[in-house]
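# Working through the structure, step by step
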Amino acid sequence: MPSGPPGPGRPSSGAGGADRSVADRSVIDRSVIDGAGTAGAAPAKVTSGMIWLRPERSGRGPEPAHSRAEIAAAAIGLADASGLEAVSMRRVAAVLGAGTMSLYNYVPKKEHLFDLMLDTAAGEIVLPDEPSGDPRADLTRLARETLAVMRRHPWLAGLTAIRPSMGPNALRCTEFFLGALAGSPSDGATKMEMFALLSGFIAQFAEWERTAAGSAVEQWQTDLVAYLGTVIATGRYPHLAAALTSGAGRPPIDADTIFTRSLARLLSVILDPPLD
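Residues numbered from 1 in each chain as written. Predicted model: local features only at pLDDT ≥ 70, side-chain atom pairs only at ≥ 80, totals over all residues. Heavy atoms only, no water.

## Let's talk about the pattern of salt bridges
- Enumeration according to the criterion identifies 5 salt bridges in this entry.
- We note a salt bridge from R152 to E124, for which the minimum N-O separation is 3.1 Å. One end of the pair, R152, is in helix α7 (residues 135–152); the other, E124, is in the loop between α6 (110–122) and α7, and 28 residues separate them in sequence.
- Residues joined in a network through salt bridges with shared partners are R151, E209 and D256. (Salt bridge = Lys/Arg side-chain N within 4 Å of Asp/Glu carboxyl O. Helix = DSSP H or I, 4+ residues; strand = E, 2+ residues; numbered from the N terminus.)

In structure tokens:
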């Protein structure tokens, strides 16, 4: 998600656009679903470049020297150590002890490598096989588990914003979310929009938390306080002044508290959406 806080400290940068992008891509043409369920129908011709539509091995020839899991693990190791910019086909191949060009036999392009990384990370989200029947508890668990994974992999939130994961592990999380909302009167499209909203919130929070540390950010916050002080003194922003001064003197709020409170508010919208 674009960097910015779901709480005080830095200006929001508008996750809504990214949320809509995820939601738009989640809509599946009805004819595809109908065709997939037709007994005896010829399989549709695969024209997509998605890695998930490519078999990991063709079933012919010798056993592959490397698996997708090994390739993803090597790439994630590089990203965890040195950031996403450190991930390249050449470097991943070097970690595996393989030739760079041979790696393309497993992963045709770098975007596919990102897809494998995203889905491997999603596999770290620990969820029960079925929702418990308590939607708020289930979605709270999903959100906290997702944030924990994003904290372990600082590059993950940013990559999720530009390349939503649609692999098996990501779909497992989607299925869990939809299962938790099985009793909701909202239609399928609305539920998918809500899933995008929740995912966007978690990723944006993780990205804000990652960047809201260090001397540069501290100086930015100091400058922001000074600037807002001069702005408020003009008297042209009375509502902003009231909002900023109402919490004066209170101790700083830690990130976990901000996340908990913001998540609770968001879940209230998801679980009890306003009528159109």
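Here the narrative resumes, following the displayed structure.
## Concerning helix α13 (residues 255–271)
- Here α13 contains 17 residues, and its C-alpha end-to-end distance of 24 Å stays within 8% of the 24 Å for a straight helix at 1.5 Å per residue.
- When α13 is considered as a whole, its buried residues turn out to be I258, F259, S262, L263, L266, L267 and I270. All buried residues of α13 fall inside an arc of 155° around its axis, so they share one side.
- Buried-residue contacts for α13 involve α7, α9 (168–180) and α10 (188–211). (Expected span 1.5 Å × (residues − 1). Buried < 20%, exposed > 50% of the residue type's maximum accessible area, 1.4 Å probe, protein only. Arc of directions from axis to C-beta. Contact = heavy atoms within 4.5 Å.)

## A few points about the nonpolar core
- The biggest cluster of nonpolar side chains holds 55 residues, and the ones touching the most others in it are V87, V92, M117 and L198.
- Of all the elements, α10 adds the most residues to this core, at 9 residues.
- Residues within four places of M117 in sequence aside, it is in contact with A72, A75, I76, A79, L84, V87 and W155. (Core = buried A, V, L, I, M, F, W, Y, C linked by side-chain atoms within 4.5 Å.)

On their own, these measurements won't tell you what the molecule is for.
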